[in-house]
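Fold and geometry: a report
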Amino acid sequence: MSAPTLSPPAPAYPTRRLPNWLEPMVLLAPGGLWLAVFLVAPVGIILLLSLAPDIKPDDFNRLAEIGLGPGNYLNVFSPIYLLVIWRSLLLAFNSALLCLLIGFPVAYWIAVHIPKRWQNLVLLAFVLPLWTSSLLRTYAWITILRPSGVLNSLLGVLGLPAVQLLNSYTAVLIGVTYSFLPYMVLVLYASVEKLDRRLLEAAADLGANATQTFWRVTVPQTLPGIAAGSLLVFITSLGDFINPDLLGGTSGLTVARLIQNQFLGATRNWGFGSALSMVLILGVAIGIALLLKYGDRKAADI
């Protein structure tokens, strides 16, 4: 019996491979190009406009002739505009606090007390208002809060005095809280759902009551979700101008509404509006950086 003959090995063809330093750049190129065109470039344009004094829409082609300077930023930090910024920060903080106080019990109830098969349906029903336009939801609140609206009609039926909420800070706070509450609930639900139930049982076995268990076990485990949800609501509230414009009237001037007036209103001062935008962008970026750096570590230290 003759031995089987082996076929000669196929010739090895040299394979071309990109340098190690170039491979990540090729993979990141599509996303990086997208960010450069739609994020970095617009922010760069806003930064350039913020350095132009009293620039109008028609003056954009004469930007080199106008000259650049920090005058718009000095104007931002004048007392009258610092008051607007403070009012905006207070509105964003209060709306985030209200969303947290309302959203945490709701998220905990959905994640802990609702059966698994119904949780997605309950979440869908809770976020259903987000499927409609924010403008329509704000007009719905106008219908409720106006002097002859639903709220005062209900109070009249109950024999209670009418209230004037429209065109006030309270109306803006109600509208902003209602608009962004679903975001808080979704973030908190994702955090509460990962709660280690064994720690709750261990706390009960060690004699902790419900209050002690909540503050010593539940809150530390869900603190990253609380921070993320609060920051999300804070940022979106800070940039919202629909609710302050429609529900606040003359008393609802915020930094976002002020920016909108500089670009689309009668003032048309794009330079000052760009400076306000850059201050807002910088503040939001600092908040996100602090959350990413210290959020999880603080949760672990408690």
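Residues numbered from 1 in each chain as written. Predicted model: local features only at pLDDT ≥ 70, side-chain atom pairs only at ≥ 80, totals over all residues. Heavy atoms only, no water.

Thoughts on the overall build of the protein chain
Broken down by element type, the protein chain carries 13 helices and zero strands. Ordered by position from the N terminus, the helices and strands of the protein chain form the series α-α-α-α-α-α-α-α-α-α-α-α-α. Among the 302 residues that make up the protein chain, the fraction classed as buried is 33%. Counted over contacts in the protein chain with a minimum sequence separation of 6, partners at least 24 positions apart contribute 67%. Per element, the accessible surface of the protein chain, about 18,900 Å² overall, is 70% carbon and sulfur. (Helix = DSSP H or I, 4+ residues; strand = E, 2+ residues; numbered from the N terminus. Buried < 20%, exposed > 50% of the residue type's maximum accessible area, 1.4 Å probe, protein only. Contact = heavy atoms within 4.5 Å. Areas by Shrake-Rupley, 256 points an atom, 1.4 Å probe, with all protein chains shown as cover.)

A look at helix α10 (residues 210-238)
Compared with the 42 Å implied by 1.5 Å per residue over 29 residues, the 35 Å span of α10 between its first and last C-alpha is markedly short. At Leu-223, α10 shows its largest bend, some 55 degrees, and a proline, Pro-224, comes one to four positions later. (Expected span 1.5 Å × (residues − 1). Bend = angle between axes of the 7 residues up to and from the residue.)

Some details on the packing of aromatic side chains
Tallying each qualifying case throughout the model produces seven aromatic pairs. Between Phe-263 and Trp-270, the ring centres sit 5.8 Å apart and the planes meet at 40 degrees, which makes this aromatic pair tilted. Overall, Phe-263 belongs to the partly exposed group, its relative accessible area being 21%. Through successive ring pairs, a cluster of aromatic residues spans Phe-104, Phe-214 and Trp-215. (Phe/Tyr/Trp six-rings, centres within 6.5 Å; stacked < 30°, edge-to-face > 60°.)

As for the pattern of salt bridges
Where side chains of opposite charge bring their charged atoms close, a pairing between them can arise. The final tally for this structure, using the stated rule, is three salt bridges. Here Asp-196 and Arg-198 are joined by a salt bridge, their closest N and O atoms 3.1 Å apart. Since its relative accessible area comes to 23%, Asp-196 is described here as partly exposed. The class of Arg-198 is exposed, set by a relative accessible area of 62%. (Salt bridge = Lys/Arg side-chain N within 4 Å of Asp/Glu carboxyl O.)

Some points on empty space enclosed by the protein
Empty space left among the atoms is revealed by rolling a probe the size of a water molecule over them. According to the stated counting rule, one finds one cavity of 30 Å³ or more in the structure shown. Taken as a whole, the largest cavity spans an internal volume of roughly 50 Å³. Elements supplying a minimum of two residues to the lining of the largest cavity: α4 (79-113) and α8 (169-192). Split by residue class, the lining of the largest cavity holds three nonpolar, three polar and one charged. (1 Å grid on protein atoms, 1.4 Å probe; cavity = no way out; pocket = protein on both sides within 12 Å on 5 of 7 lines; lining within 4 Å. Points joined across faces, edges and corners; volume = space filled by probe spheres on them. Nonpolar A, V, L, I, M, F, W, Y, C, P; charged D, E, K, R; others polar.)

Comments concerning the nonpolar core
One finds Leu-145, Met-184, Leu-188, Tyr-189, Val-233 and Leu-247 to be the most contacted residues of the largest nonpolar core, which totals 28 residues. Elements with a minimum of two residues in this core: α4, α6 (134-145), α8 and α10. Counting residues per element, this core draws most heavily on α8, which supplies 11 residues. Once you skip the residues sitting within four places of it in the chain, Leu-247 turns out to touch Thr-138, Trp-141, Ile-142, Leu-166, Asn-167, Ser-168, Ala-171, Val-172 and Gly-175. Within the second largest apolar cluster, 14 residues are counted, among which are Val-76, Val-84, Ala-92 and Val-284. (Core = buried A, V, L, I, M, F, W, Y, C linked by side-chain atoms within 4.5 Å.)

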